[in-house]
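Single-letter residue listing:
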Amino acid sequence: QVQLVESGGGLVQAGGSLRLSCAASGRAFSTYAMGWFRQAPGKEREFVARISYTRITRYADSVKGRFTISRDNAKNTVYLQMNSPKPEDTAVYYCAAAPQTHPLQYDYWGQGTQVTVSS
């Protein structure tokens, strides 16, 4: 069983920066792929970034070059560094975990943290 808790959201000016954190329980954390997703009002939840247990990363085109996903296995934490955020990045951001046996199946989700980008 894995529990995920996001933090670090808030209000940020366009062109500023923000770092989201996701703290995970469980000693198997290092074997899980971790992802960040977001959902804006009236829109479907969308993929933002992913990092595998071997630290291979993948990003949505909309955030590539601006956002960076990383993980610290010693701290059971995954991060999303948001540089130069835009108003369209405003959403609730969720972290999720996928086991090695089913690396595309996100079985565990956090409660979400609100990010609001002002122009």
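The following refers to the structure shown.

Here is what the cut-offs are and how they apply
Residues numbered from 1 in each chain as written. Predicted model: local features only at pLDDT ≥ 70, side-chain atom pairs only at ≥ 80, totals over all residues. Heavy atoms only, no water. Helix = DSSP H or I, 4+ residues; strand = E, 2+ residues; numbered from the N terminus. Rg over C-alpha atoms; globule rule 2.2 N^0.38 Å. Buried < 20%, exposed > 50% of the residue type's maximum accessible area, 1.4 Å probe, protein only. Contact = heavy atoms within 4.5 Å. Areas by Shrake-Rupley, 256 points an atom, 1.4 Å probe, with all protein chains shown as cover. Lys, Arg positive; Asp, Glu negative; His and termini not counted. Charge placed at Lys NZ, Arg CZ, Asp CG, Glu CD. Pairing = 2+ DSSP bridges. Axes fitted to C-alpha atoms, helices over the stretch in contact; angles between N-to-C directions. Disulfide = S-S within 2.5 Å. Phe/Tyr/Trp six-rings, centres within 6.5 Å; stacked < 30°, edge-to-face > 60°. Core = buried A, V, L, I, M, F, W, Y, C linked by side-chain atoms within 4.5 Å.

**Regarding the overall build of the protein**
Looking only at helices and strands, the protein has 0 helices and 11 strands in total. In the protein, the succession of α and β elements from N to C terminus is β-β-β-β-β-β-β-β-β-β-β. At 13 Å, the protein has a C-alpha radius of gyration in line with the 14 Å of a compact globule built from 119 residues. For the protein, the spread of C-alpha atoms along the principal axes amounts to about 40 × 25 × 25 Å. The burial tally for the protein puts 45% of its 119 residues in the buried class. By sequence separation, contacts in the protein at least 24 residues apart represent 55% of the contacts at least 6 residues apart. For the protein, the exposed surface amounts to about 6300 Å²; the carbon and sulfur share of it is 49%. Computed over 13 positive and 8 negative side-chain charges, the inter-centroid distance for the protein is 6 Å.

**A few points about the sheet that holds strand E1 (residues 4-7)**
Ordered by their spatial adjacency, 4 strands build an open sheet running E1-E3-E8-E7, and the pairing between neighbours is antiparallel. Only two strands of the sheet have a single partner each, and these edge strands are E1 and strand E7 (67-72). Across the sheet, the mean angle separating the axes of adjacent strands is 15 degrees when strand polarity is ignored. Where strand E3 (residues 17-24) and strand E8 (residues 77-83) come together, 7 bridges link them in antiparallel fashion. If you follow Leu18 over to E8, its bridge partner there is Met82.

**Quick notes on unusual backbone geometry**
The phi dihedral of Arg55 is positive, around 70 degrees, even though this residue is not glycine. At Asn76, a position not held by glycine, the phi torsion is positive, near 50 degrees. Positionally, Asn76 belongs in the loop between E7 and E8. A residue is classified by how much of its surface remains accessible, and Asn76, at 18% relative accessible area, is buried.

**A few points about the state of the cysteines**
One pass over the full model with this rule turns up 1 disulfide. Covalently, Cys22 is tied to Cys95 through a disulfide, its sulfur atoms 1.9 Å apart. On the sign convention where negative means left-handed, the S-S torsion of about 50 degrees between Cys22 and Cys95 marks this disulfide as right-handed. Here the residue Cys22 occupies a position in strand E3, and Cys95 occupies one in strand E9 (residues 91-98), the gap between them amounting to 73 residues. Cys95 shares its class with Cys22; the two are buried.

**With respect to the packing of aromatic side chains**
By the definition in use, this model includes 5 aromatic pairs. On the numbers, 6.2 Å between centres and 55 degrees between planes, the contact of Tyr106 with Trp109 is tilted. Of the residues examined, Tyr106 reaches a relative accessible area of 17% and is grouped as buried. The structure contains a cluster of three or more aromatic residues connected by ring pairs, namely Phe37, Phe47, Tyr106 and Trp109.

**A short note on the nonpolar core**
Counting residues in each nonpolar core, the largest one holds 35 residues, and the members touching the most others are Leu4, Met34, Trp36, Leu80 and Tyr93. Of all the elements in the fold, those that place two or more residues in this core are E3, strand E4 (33-39), strand E5 (46-51), E7, E8, E9 and strand E11 (113-118). If one sorts the elements of this core by residue count, E9 sits on top with 6 residues. Leu4 has contacts with Cys22, Ala23, Ala24, Met34, Cys95, Ala96, Ala97, Tyr108, Trp109, Gly110 and Gln111, leaving out every residue within four places of it along the chain.

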